[in-house]
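# Summary of the model geometry
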Amino acid sequence: MAETDTLPAIATRREEATGFFQKLVSKGLGWARKNSLYQYPFVTACCGIEYMSLASARYDIARFGAEVPRFSPRQADLLLVVGTINCKQAPILQRIYEQMADPKWVIAYGVCASSGGFYDNYATVQGIDRLIPVDVYVPGCPPRPEQVLDGLMLLQKKIQDQEHKLIDRASPKLASGR
Amino acid sequence: MDAPLHAKRMIVNMGPSHPAMHGVTRAVVALEGETIAEMKLDIGFLHRGFEKSCENATWTQCFPYTDRLNYISAIMNNTGFALGVEKLCRLDVPDRAKYLRVIGSEIHRICDHLTLVSAMGLELGAMTVFLYGIEARDLLWDRLTELCGARLTSNYCRVGGVARDVPEGWIEKTTASLDRVNELAGEIGGLLTRNRIFLDRTRGTGRVSRQDAIDLGFTGPCLRAAGEPYDIRKAAPYLVYDRLDFDIPVGEHGDNFDRYLVRMEEMRQSDRIVRQCFAQMEPGDIAVKDFHYVLPPKPQVYGTIEGLMAHFKLVMEGIQVPAGEAYSYTEAANGELGFYIVSDGGGRPYKLGLRAPGWPMLAALPYMVRGSLLADLIPTFDSINMIGGEVEQ
């Protein structure tokens, strides 16, 4: 993010040098991480049917380095929330997010995950950002695969611009990498 | 030394988020070794208030909600709901609209069965089948996109007709696509039907006898796979099904393999139906010309006061459906899709009830898998084709 790009106005040569190397390492890690996203498809509803198309030959999410679905949250670093989340499902989603290791990212796939969509009623959670932090929202009911690929590219850009560290000693609060 | 091992039942949770549980259902399985001693189902993870939501929307606005019941075959849900409302209104839609509904429904039936077969193959380890199946489905979706503008959730029917006529050259393109889909379905059949692994895992597992299937309330392919040739398209023909020539495939054993075979054959029959519709269809209206039900054409809305009034009333108040109740039942991809509709004479449904085709099969799952291996749960769960959207409403 911006912290790595703007150096302080007055810096000693030592700070300048370490800053330079940190930036280099951060860029390298960002490049590696954005191109090897292991996704956890949290598939609940209609969008999952589109997700099948996204994952198979024609649209081929593999071109973006995100082809391997991991059905264990401990092995995944991208949570794709595909479909409607209702009140009964909400604690499960939250728990799965908590089980993922840092750094981790979330895409809200489709309008139900983003905002509840047209299910504005007693049962549906009005957007998963009430439960977990979201990086990219993909609108559409369901979104076309092209739209999701666009969202994925946005996420990749975001990951590249983030600050990455070899050893993350941040406090647990800040450890989510965002 | 020879004291018996203390054997305890093991409880395993499958789902609600499990790769093999498509849809979100939680199965609590009590295992003895690898045998399922008991199983409980926990549903409600995709309950999104379909019936209640519809009460707050006008009759026309209900169609998008019906799309998302069985989201793989949306046009069939649209058709079922439209037929119910038309029953209350005592409307008869023009012939062309009937044919278009049948065409949409049958193309979506092919999509639904393709998805089931591919997912079943995928979960039994045949990834290639999945890729072929999804490619075939994408071809059909391309055509449906040209027809109704959406890949998946079509929103194609209206009370009194359909939303759009076919675009120019669509019939030829669709025929070509169906040819290709047939080829791909043939490939899928070639990969699965005589495949040793697939046969071993599906033959004789998840078996339901004919009598049990009837008692449990099965309909659709699962009932027919058990040997009962019941299909609403033949038993109580609606739309133009009485003018079309097609067969009802019937299974013998009622196991997973028969359910797979029935679906493969139904795809061929649907293909036949669509081609016959193309041949029989004649140009004409696609909706009734009654502005109490269907929006007037735009020149009339902008040019005449009657057209403007009709448009305003329909959009603001909705279609005034006569008070009463009706039950429409149609043959959806999974079985009998029923809409129980109550109207109080207003622009919105007073109450809507849904008979989800997938529900009896899902409810029977604990009965079907008791005493079988845990691994057999996967093909059984696949072959009953539980769709979260319709089952959990």
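Note that the structure is a prediction, hence the values are computed from the model and not measured.

### Observations concerning helix 5 (residues 127-148) of chain B
In this model, helix 5 of chain B (22 residues) spans 31 Å end to end at C-alpha, consistent with the 32 Å of a helix rising 1.5 Å per residue. Positive backbone phi, approximately 90°, marks Gly149(B), located one or two places after helix 5 of chain B.

### Details of the sheet that holds strand 2 (residues 78-82) of chain A
Residues and elements named next belong to chain A. Within the open sheet, the four strands sit side by side as 1-2-3-4. Their pairing is parallel. Every interior strand has two partners, whereas the edge strands, strand 1 (39-43) and strand 4 (136-138), have only one. The average undirected angle you get between the axes of adjacent strands in this sheet is 15°. Inspection of the sheet shows strand 1 paired to strand 2 by five bridges, in the parallel sense. Counted as the bridge partner of Phe 42 is Val 81 from strand 2. Its contacts with the sheet put helix 6 (residues 145-161) on strand 2, strand 3 (105-109) and strand 4, and the angle it makes with strand 4 is roughly 170°.

### Focus: the layout of surface pockets
Residue and element names in this part refer to chain B. Put simply, the second largest pocket is a space of about 600 Å³. Forming the boundary of the second largest pocket are 27 residues, of which Arg 158, Tyr 293, Val 294, Leu 295 and Pro 296 lie nearest the centre. When its residues are assigned to classes, the lining of the second largest pocket shows 15 nonpolar, seven polar and five charged.

### Here we look at the side chain of Asp67(B)
All names here are of chain B. If you trace the backbone, Asp 67 turns up in helix 2 (residues 62-67). Classification of Asp 67 as buried rests on a relative accessible area of 1%. Beyond its immediate chain neighbours, meaning those up to four positions away, Asp 67 contacts Ala 74, Asn 77, Asn 78, Thr 153, Ser 154 and Asn 155.

### Remarks on unusual backbone geometry
Pro103(A) follows Asp102(A) through a cis peptide bond whose omega is -10°. For Pro103(A), the position within the fold is in the loop between helix 4 (90-99) and strand 3. With an omega of -15°, the peptide bond between Cys141(A) and Pro142(A) qualifies as cis. Here Pro142(A) shows up in the loop between strand 4 and helix 6. The backbone of Arg90(B) shows a phi angle near 55°, a positive value even though the residue is not glycine. Note on placement: Arg90(B) falls in the loop between helix 3 (74-89) and helix 4 (95-123). Accessibility expressed as a relative area gives 72% for Arg90(B), which makes it exposed. Despite not being glycine, Leu239(B) shows a phi value in the positive range, around 45°. Summarising the element assignment, Leu239(B) is placed in the loop between helix 10 (232-235) and helix 11 (256-280).

### Quick word on the pattern of salt bridges
Close approach of charged atoms lets side chains of opposite charge pair. Residues and elements named next belong to chain B. Summed over all chains, the structure comprises 36 salt bridges over all chains. Between Asp 245 and Arg 272 there is a salt bridge, with its nearest N and O atoms 3.1 Å apart. Here the residue Asp 245 occupies a position in the loop between helix 10 and helix 11, and Arg 272 occupies one in helix 11, the gap between them amounting to 27 residues. The network of salt bridges with common partners includes Glu 106, Arg 109, Arg 224, Asp 231, Arg 233, Glu 266 and Glu 331.

### Here's the deal with the side chain of Thr153(B)
Relative to the assigned elements, Thr153(B) resides in the loop between helix 5 and strand 4 (157-158). Only 3.1 Å separates the side chain of Thr153(B) from the backbone oxygen of Cys141(A), close enough to count as a polar contact. Those residues in contact with Thr153(B) that sit more than four places away from it in its chain are Cys141(A), Pro142(A), Asp67(B), Arg68(B) and Ala74(B).

### Focus: the interface of chain A and chain B
Chain A puts 31 residues into the contact, and the matching count from chain B is 34 residues. Both sides together, the interface formed by chain A and chain B hides about 2900 Å², and carbon and sulfur atoms give 59% of it. Where chain A touches chain B, the interface holds four salt bridges. Among the salt bridges present, the one from Arg58(A) reaches Glu135(B), with a minimum N-O distance of 3.7 Å. Our count for the contact surface shared by chain A and chain B stands at 18 residue pairs in polar contact (both at pLDDT 80 or more). Among the elements of the structure, strand 1, helix 3 (47-55) and helix 4 of chain A are those that each provide at least two residues to the side of chain A that touches chain B. When residues in the side of chain A that touches chain B are grouped by element, the largest group, four residues, is from helix 3 of chain A. For the side of chain A that touches chain B, the per-class residue count stands at 19 nonpolar, eight polar and four charged.

### Regarding the sheet that holds strand 8 (residues 351-355) of chain B
Residue and element names in this part refer to chain B. As summarised here, the arrangement of the three strands in space is 6-7-8, forming an open sheet in which the pairing is antiparallel. What marks the edges here is a single partner per strand, and that holds for strand 6 (324-332) and strand 8. Strand-to-strand twist of the sheet, defined as the mean angle between neighbouring strand axes without regard to direction, takes the value 15°.

### A look at the packing of helix 4 of chain B against helix 15 (residues 374-383) of chain B
Residues and elements named next belong to chain B. As a packed pair, helix 4 and helix 15 sit with axes 9 Å apart at the nearest point and diverge in direction by 170°. With respect to each other, helix 4 and helix 15 are oriented roughly antiparallel. Along its contact with helix 4, which presents Leu 116, Ala 119, Met 120 and Glu 123, the element helix 15 presents Ile 378, Pro 379, Asp 382 and Ser 383. Taken together, the residues that form the contact of helix 4 with helix 15 break down as five nonpolar, one polar and two charged.

### Brief notes about the packing of aromatic side chains
Throughout the structure, instances matching the rule amount to 16 aromatic pairs over all chains. With centroids separated by 6.1 Å and ring planes inclined at 90°, the aromatic side chains of Trp170(B) and Phe278(B) adopt a geometry described as edge-to-face. On the criterion of sequence distance, the pair formed by Trp170(B) in helix 6 (residues 170-192) and Phe278(B) in helix 11 is long-range, its members being 108 residues apart. For Trp170(B), a relative accessible area of 1% corresponds to the buried category. Seen from their ring centres, Tyr241(B) and Phe246(B) are 6.0 Å apart, and the 70° between their planes marks the pair as edge-to-face. As far as burial versus exposure is concerned, Tyr241(B) and Phe246(B) are alike and both buried. An aromatic cluster is defined as three or more aromatic residues linked by ring pairs; in this entry it consists of Trp59(B), Phe63(B), Phe81(B) and Phe339(B). Taking NZ or CZ as reference, Lys88(A) lies 4.7 Å from the ring centre of Phe45(B), over its face. Its guanidinium or amino end placed over the ring of Phe246(B), Lys234(B) lies 4.2 Å from that ring's centre, counting from NZ or CZ.

Calculation rules
- Residues numbered from 1 in each chain as written.
- Chains lettered and ligands numbered in written order.
- Predicted model: local features only at pLDDT ≥ 70, side-chain atom pairs only at ≥ 80, totals over all residues.
- Heavy atoms only, no water.
- Helix = DSSP H or I, 4+ residues; strand = E, 2+ residues; numbered from the N terminus.
- Expected span 1.5 Å × (residues − 1).
- Pairing = 2+ DSSP bridges.
- Axes fitted to C-alpha atoms, helices over the stretch in contact; angles between N-to-C directions.
- Contact = heavy atoms within 4.5 Å.
- 1 Å grid on protein atoms, 1.4 Å probe; cavity = no way out; pocket = protein on both sides within 12 Å on 5 of 7 lines; lining within 4 Å.
- Points joined across faces, edges and corners; volume = space filled by probe spheres on them.
- Nonpolar A, V, L, I, M, F, W, Y, C, P; charged D, E, K, R; others polar.
- Buried < 20%, exposed > 50% of the residue type's maximum accessible area, 1.4 Å probe, protein only.
- Salt bridge = Lys/Arg side-chain N within 4 Å of Asp/Glu carboxyl O.
- Polar contact = N/O pair within 3.5 Å; in protein donor to acceptor, adjacent residues only side chain to side chain.
- Buried area = accessible area lost by both parts, 1.4 Å probe.
- Parallel < 35°, antiparallel > 145°, perpendicular 65-115°, else oblique.
- Phe/Tyr/Trp six-rings, centres within 6.5 Å; stacked < 30°, edge-to-face > 60°.
- Lys NZ or Arg CZ within 6 Å of the ring centre and 35° of its normal.

On their own, these measurements won't tell you what the molecule is for.
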